[in-house]
Amino acid sequence: MINHTPLIEFRDVTVKRNGKIVLDSLDLSINSGEQVAVLGPNGSGKSSLIKTIAREIYPQLGSTVRILGNEVWNLFDLRAQMGVVSNDLVNTCTCKYPAREIVMSGLFGSIGVWPNHHVTPEIERRTDEVLEMMEIAELADRPVEALSSGEARRVVIGRALVHGPRALVLDEPTTSLDFHGKHELRNTLRKLAQSGIGIVMVTHNLTDVIPEINRVVMLRRGRIYQDGPKQQVLNTESLSALFGTPVELIARNGYFHIW
């Protein structure tokens, strides 16, 4: 039986940070298995959206946030259903622990594997599967702090995937990556999307929108500005209004670029 319960459901969600409204009566629904990009300039509310999904910040009374139909979640159970990869998490995981430990530690909700953790053969097998999936098996024993930015980000995505979640929520996934790192990461995300895992990509960079993403939500000043099929929403007029400057739009090989 197909489960039609939305993965993420926001109803009239308002969030204040430092006395300022950053999400303003936001309505948003994303289905399980859907490939979606949330696109917006800096200051549009993207980081607050991620933190609200991850239960790092909470909306005002009267707001409704549901994940897979539930308003109340144990954080450990939530991570098993939906892997959230933020830039804060990438920075925290870029440390002395080897890549294999960082991936495995996702199963324990920690950073690194601690002496009190019971590592079973099944956990080891699952960790090795994810390292292969993310094409970082050869980096397994290297400290994450010694890896390139692109390699480190793939390790942290692997940490989110080790649970086998239904979806990944990615915050500005190509930030700080060079051209090669961006190319490799986008290829990895394309493979994940093609495997059936849902991807919610929150970004200001239009070229992060991989061809498999078919829906774009434009966020401006904490509100939904546009929401619909990628081919309809991504146009010169909408993008110029979103970013507050005239742009030209070019589509090539399934990717969109603005100038």
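Right above here is the structure, for reference.
So, here is what we can say about the structure in this document. (Residues numbered from 1 in each chain as written. Predicted model: local features only at pLDDT ≥ 70, side-chain atom pairs only at ≥ 80, totals over all residues. Heavy atoms only, no water.)

### Concerning the sheet that holds strand β1 (residues 6-17)
Then, number 1: Strand order in the open sheet made by the three strands is β2-β1-β4, with antiparallel pairing throughout. Edge strands, defined here as strands with exactly one partner in the open sheet, are β2 (20-31) and β4 (64-67). When strand polarity is set aside, the average angle formed by the axes of neighbouring strands in this sheet is 20°.
Then, number 2: In terms of strand pairing, β1 meets β2 through eight bridges, oriented antiparallel. Its bridge partner lying in β2, Phe10 is registered against Leu28. (Pairing = 2+ DSSP bridges. Helix = DSSP H or I, 4+ residues; strand = E, 2+ residues; numbered from the N terminus. Axes fitted to C-alpha atoms, helices over the stretch in contact; angles between N-to-C directions.)

### Quick word on the sheet that holds strand β7 (residues 198-203)
Then, number 1: Strand order in the open sheet formed by six strands is β5-β6-β7-β3-β8-β9, and the pairing between neighbours is mixed. With partners counted over all chains shown, the strands left at the sheet margins are β5 (82-85) and β9 (223-229), one partner each. Averaged over all pairs of adjacent strands, the angle between strand axes in this sheet comes to 15°, irrespective of strand direction.
Then, number 2: In the sheet, strand β6 (residues 167-171) pairs with β7 via five bridges, with the strands oriented parallel.

### A look at helix α7 (residues 179-195)
Then, number 1: Between its first and last C-alpha atoms α7 spans 25 Å; for 17 residues at 1.5 Å apiece the expected length is 24 Å, and the two agree.
Then, number 2: Taken residue by residue, α7 has Gly181, Leu185, Arg186, Thr188, Leu189, Leu192 and Ala193 as its buried positions. When α7 is viewed along its axis, its buried side chains cluster within an angular range of 160° and face the same direction. Residues of α7 that are exposed and angled more than 90 degrees away from the buried face: Phe179 and Gln194.
Then, number 3: The inward-facing, buried residues of α7 abut β3 (35-39), α5 (121-133), α6 (149-161), β6, β7 and β11 (255-258).
Then, number 4: Gly196, located one to two residues past α7, shows a positive phi value of around 110°. (Expected span 1.5 Å × (residues − 1). Buried < 20%, exposed > 50% of the residue type's maximum accessible area, 1.4 Å probe, protein only. Arc of directions from axis to C-beta. Contact = heavy atoms within 4.5 Å.)

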